[in-house]
Amino acid sequence: MKKLWNKIKNLFALHCLDCNGIVKSEYLDMQFDKMVYKCTKCGKEWM
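Residues numbered from 1 in each chain as written. Predicted model: local features only at pLDDT ≥ 70, side-chain atom pairs only at ≥ 80, totals over all residues. Heavy atoms only, no water.

J.: Explain a nonpolar patch on the surface to me, please; I cannot follow it from the model alone.
T.: A cluster of nonpolar residues, M1, L4, I8, L11 and F12, forms a patch on the protein surface that exposes about 650 Å² of accessible area. Considering the arrangement of structural elements, one finds F12 in helix α1 (residues 2-12). Note on F12: relative accessible area 69%, which makes it exposed. (Patch = residues over 30% accessible without salt bridge, like charges linked within 9 Å, V, L, I, M, F, W, Y side chains within 5 Å. Areas by Shrake-Rupley, 256 points an atom, 1.4 Å probe, with all protein chains shown as cover. Salt bridge = Lys/Arg side-chain N within 4 Å of Asp/Glu carboxyl O. Helix = DSSP H or I, 4+ residues; strand = E, 2+ residues; numbered from the N terminus. Buried < 20%, exposed > 50% of the residue type's maximum accessible area, 1.4 Å probe, protein only.)

J.: Sorry, what's going on with the environment of C19 here?
T.: Mapped onto the elements, C19 comes out in the loop between α1 and β1 (23-29). For C19, a relative accessible area of 25% puts it in the partly exposed group. Note: C-alpha distance between C19 and K41 (22 residues apart in sequence) is 7.3 Å.

Printed below as a string of structure tokens:
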């Protein structure tokens, strides 16, 4: 049951455009007032 829940969760998670890794939110960039996301696989940051 836990495996099924993780697969469904990963299906709807944000994915990196370069390596297709899972993207997690890191911090709020106050200069642009946007969230910064970081890929767990390649380490690239996205806005």
